[in-house]
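# A structural walkthrough
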Amino acid sequence: MRSLSQFFLIVAATAFVISPVSARSFRVAQIPNGSVLNCSACHVNAGGGGTRNAFGQLVERSFLVGDNVQWSPLLAGLDADGDGVSNGVELRDRFGQWQTGNPNPGNAAQVTHPADAASNPLRTLTVQFSNMDPHVGQMLELRIVDKSTGLEAGRAMVSSISGGSFNVAIPTAVDGRSYWVDFFADVNRNGFYDPPPTDHAWRISADVSGATSVSFMHNTNFTDIQWVYAVTLNAQGMTPHQGQLFELRVVDSNTGMEVGRKRVEIVPGANFSVMVPGIMRNGNYDVDFYADLNRDDRYSGTPTDHAWRLSFANTTGDVTLDFSHNTSFTDVMWEYLFQINMLSMNPHLGQLFELRVVDQSSDTEIGRTSLPEVAVANYTVSVPGMALNGSYRADFYADLNGNGTYDAPPTDHAWRQLFQNPAGNAVVNFSHNTNFTDIGWPVLAADDPVAGSSLPEAFALEQNYPNPFNPSTNIAFDLAEPGLVRLSVFNILGEHVAELARGPMAAGRHLVSFDGSGLATGMYVYRLEVDGWAAERRMMLTK
């Protein structure tokens, strides 16, 4: 068993072809709490041997090296049975830290089966609404977001609020996690989310322990929750790929940025659905997906693997795409995911955290992520964009002095990790320490050509240039401190035309471009909103 070092990097191992063997009881001791389930942890037969269940197939395919199971952060983070809960959570070792010979990591009574979708630690989170009379007859939408991952765990909709008091339940919260609960009432009744005060929106917090209820009483303390919509792929006729790995990702075709992805470890049947939240209205998207036909746990190009691309323009909010298996394949040039589990980050609760991944061979940044504040001590962040057989570094820091920008250690706490990616997705465990590195963090965003590195003293939205423009123009803005940013374009009638930026951004000067191709000549308004501060300007498109 590999030892757990300060940085524990595991990448997907090459698949091993192993013929069915009789039960080997010592393997039970090589997964956390395996003795609770005995051989049934990996086999359909509780006595072991013969056919493996979903978790056993996953272990055999990529994590059974010789006679030994290689338990790891990567294996712990996968979801063998498709119930929305990772193997590590079910076996009470969420981050894959456990090692053979150590005590079992969790309470045996709380261990659930990572190969049985009906056996999991999911709990129902219920929001009890009161005094919602101003919104009777309006639509209400709600979603819960895991504070430790930033990922949506579930959503619900009330098509028409019937009274002042009612409950909304979401049965997909994980026991022991903390969540943001975001919801809005569609005041203007247009069927979509509009930032307050046009619509009324709120964010509350919930800590889940068993079946959990939280109360909310109507108030006017609104929050722009930056609502995102979901795309659902209904896959049909996938019989040739039953039992294979299936991966899907959604990419903004205007910016090339990935908005979300889902991984199905083992295709459950001929027909199944995959939902990915993260799309915006009036955006253009590509949905790339593949089935791992050669079963090597990675994308191998077509026709070795079967891959497809669907494209759509989102004008409806939530989007449903129907897909029937066919042989019109597309090489989707799959990109892999870097994930880091940040552990024991208690000294940085409430602080800005930023991370970027850089290709060592070209010194090119492939992606970054920013958290306006660390919400919990143990959390996970991810960055897509890796290729196979690459060498990378992850640079990250916590803004200890709270000035909204990077300062060399020890003023801020910063670290660097070098890693190789020969085989697929990569997972790193990191525990807070004082072995700091000056990572020379770029003050500006990677795509920001605006000169200057000093921190702005105030928020500012500048006039676009050129203006008038045809068909593209640039918009610069200053952030005096990090925050949740939304930069939108509207026509003169107030109708939403485009979303140019949305999400957390670091303090500094930023520059974005706007392409007005396809729009009519006329006056347009661009509006910047940052945590309650807002400004707007006009620009002229001429053709």
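Within any chain, residue numbers begin from 1 and follow the written order of that chain's sequence. Local features in this predicted model are restricted to residues whose pLDDT is 70 or higher, and side-chain atom pairs enter the listing and the counts only when it is 80 or higher, whereas totals over whole chains, interfaces and linings include all residues. Side-chain measures here rest on the full set of heavy atoms in the structure, leaving out hydrogens and waters.

### Digging into the overall build of the chain
Inclusion rule: In DSSP terms, a helix is any run of H or I states spanning at least four residues, a strand is any run of E spanning at least two, and both are numbered starting from the N terminus. For the radius of gyration, the atom set is restricted to C-alpha positions; the globular benchmark scales as 2.2 Å times the number of residues to the power 0.38. Three labels apply to residues, based on accessible area from a 1.4 Å probe with only protein chains included: buried if under 20% of the type maximum, exposed if over 50%, partly exposed otherwise in between. Contact criterion: two residues are considered in contact whenever any of their non-hydrogen atoms come within 4.5 Å of each other. Areas reported here follow the Shrake-Rupley algorithm with a probe of radius 1.4 Å; residue values treat only the protein chains shown as occluding.
Across its full length, the chain carries 4 helices and 31 strands. Taking 2.2 N^0.38 as the reference for a compact globule, 543 residues should give roughly 24 Å; the C-alpha atoms of the chain span a radius of gyration of 24 Å, in line with that estimate. Taken along the three principal axes of its C-alpha coordinates, the chain extends 75 × 55 × 50 Å. Within the chain, the proportion of its 543 residues that are buried is 53%. Of the contacts formed within the chain by residues at least 6 apart in sequence, a portion of 66% connects residues at least 24 apart. Carbon together with sulfur atoms contributes 49% to the accessible area of the chain, which is approximately 22400 Å² in total.

### What to know about the packing of aromatic side chains
Just so we agree on the cut-off: Each aromatic pair joins two rings of Phe, Tyr and Trp (for Trp, the six-membered one) with centres within 6.5 Å, and gets the label stacked for planes under 30 degrees apart, edge-to-face for over 60, and tilted for any other angle. Cation placement over rings: the criterion is NZ of Lys or CZ of Arg within 6 Å of the ring centroid and within 35° of the ring normal.
As enumerated under the stated definition, the model contains 31 aromatic pairs in all. When the centroid spacing of 5.9 Å and the interplanar angle of 75° are considered together, the rings of Phe129 and Phe216 count as edge-to-face. Separated by 87 residues along the polypeptide, Phe129 in strand S4 (residues 122-130) and Phe216 in strand S10 (residues 212-217) bring together distant segments of the chain. Taken as a pair, Phe129 and Phe216 share a single burial class, namely buried. Consider the rings of Phe184 and Tyr193, whose centres lie 5.0 Å apart with planes at 70°: the pair is edge-to-face. Accessibility assignment for this pair places Phe184 and Tyr193 in one class, buried. Members of the aromatic cluster, joined through ring pairs, are Phe129, Phe166, Phe183, Trp202, Phe216 and Phe222. The ring of Trp180 has Lys147 sitting right over it, with the charged end atom 4.2 Å from the ring centre.

### Regarding helix H2 (residues 54-62)
Rule in force here: Two N or O atoms form a polar contact when they lie within 3.5 Å of each other; inside protein one atom must be a possible hydrogen donor and the other a possible acceptor, and for residues adjacent in sequence the pair counts only when both atoms belong to side chains.
Of all 9 residues making up H2, 8 are buried, and the element is well covered by its neighbours. What H2 keeps buried is the set Ala54, Phe55, Gly56, Leu58, Val59, Glu60, Arg61 and Ser62. Contacts made by the buried residues of H2 are with strand S2 (64-65), strand S3 (68-69), helix H3 (73-77) and helix H4 (87-90). The opening residue of H2, the one whose side-chain oxygen lies 3.1 Å from the backbone nitrogen of Phe55, is Asn53.

### Some remarks on the sheet that holds strand S20 (residues 364-371)
For clarity, the threshold we go by: Here, strands pair whenever DSSP counts at least two bridges between them. Note on geometry: axes are C-alpha line fits, over the in-contact stretch for helices, and angles between N-to-C directions span 0 to 180 degrees.
Strands sit in the order S20-S19-S22-S23 across an open sheet of 4 strands; the sheet is antiparallel. Edge strands, defined here as strands with exactly one partner in the open sheet, are S20 and strand S23 (413-421). Averaged over all pairs of adjacent strands, the angle between strand axes in this sheet comes to 15°, irrespective of strand direction. In this sheet, strand S22 (residues 390-398) lies alongside strand S19 (residues 353-359) in antiparallel orientation, the contact comprising 7 bridges. Residue pairing across strands places Glu354 opposite Tyr397, the latter belonging to S22.

### Some remarks on the pattern of salt bridges
The condition that has to hold: The term salt bridge refers to a side-chain nitrogen of Lys or Arg lying within 4 Å of a carboxyl oxygen of Asp or Glu.
Summed over all chains, the structure comprises 27 salt bridges. For the salt bridge of Glu258 with Arg249, the shortest nitrogen-to-oxygen distance reads 2.8 Å. We note that Glu258, like Arg249, is buried. Note that Arg509 is salt-bridged to Glu462, the shortest N-O span being 2.1 Å. Separated by 47 residues along the polypeptide, Arg509 in strand S29 (residues 508-515) and Glu462 in the loop between strand S25 (460-461) and strand S26 (472-479) bring together distant segments of the chain. Taken together, the shared-partner salt bridges connect Arg143, Glu152, Arg155 and Asp318 into one network.

### Observations regarding the sheet that holds strand S31 (residues 533-541)
If you trace the 4 strands from one edge of the open sheet to the other, you get S28-S27-S30-S31, paired in antiparallel fashion. Only two strands of the sheet have a single partner each, and these edge strands are strand S28 (496-505) and S31. Between one strand axis and the next, the sheet turns through 15° on average, direction left out of account. Summarising the sheet, strand S27 (residues 483-491) and S28 pair through 8 bridges and their orientation is antiparallel. Bridge pairing in S28 links Phe490 to His496.

### Concerning the pairing of strand S12 (residues 246-252)
Of all 7 residues in S12, 7 are buried, a share of seventy percent or more. Inspection of the sheet shows S12 paired to strand S13 (residues 258-264) by 6 bridges, in the antiparallel sense. Along S13, the bridge assignment pairs Arg249 with Arg261. Across 7 bridges, the pairing between S12 and strand S15 (residues 283-291) is antiparallel. Among the inter-strand pairings, Val250 is bridged to a residue of S15, identified as Val287.

### Some thoughts on the nonpolar core
Short version of the rule: Each nonpolar core is a collection of buried residues, namely Ala, Val, Leu, Ile, Met, Phe, Trp, Tyr and Cys, held together in the definition by side-chain atoms within 4.5 Å.
Residues Val231, Phe246, Leu248, Val250, Ile279, Phe289 and Phe312 are the most contacted members of the largest nonpolar core, which totals 31 residues. Contributing elements (two or more residues each) for this core: strand S11 (229-236), S12, strand S14 (272-279), S15, strand S16 (306-314) and strand S17 (319-324). Once residues lying within four places of it in the same chain are set aside, the contact partners of Val250 are Val231, Met257, Glu258, Val259, Gly260, Val276, Ile279, Tyr285, Asp286 and Val287. Counting 28 residues, the second-largest nonpolar core is a separate cluster that includes Phe338, Ile340, Phe353 and Val357.

### Remarks on the confidence of the model for the chain
What counts here: Within a predicted model, pLDDT stands for the predictor's per-residue confidence, ranging from 0 to 100.
Across the chain, the average pLDDT comes to 88, with 94% of residues at 70 or higher. The low-confidence segment residues 1-22, where pLDDT is below 50, has 69 contacts with residues more than four positions distant or belonging to other chains. The low-confidence segment residues 444-453, where pLDDT is below 50, has 16 contacts with residues more than four positions distant or belonging to other chains.

### Here's the deal with the pairing of strand S30 (residues 522-530)
Most of S30 sits inside the fold, with 7 of its 9 residues counted as buried. Across 7 bridges, S27 lies against S30 in antiparallel orientation. Each bridged residue has a counterpart across the sheet, and for Ser488 the counterpart in S30 is Arg527. As defined by bridge partners, S30 adjoins S31 across 9 bridges and the pair is classed as antiparallel. Within S31, the residue paired with Arg527 across the bridge is Glu536. Where S30 folds back on S31, the antiparallel hairpin that results is connected by 2 residues, among which Asp531 adopts a positive phi of roughly 50°.

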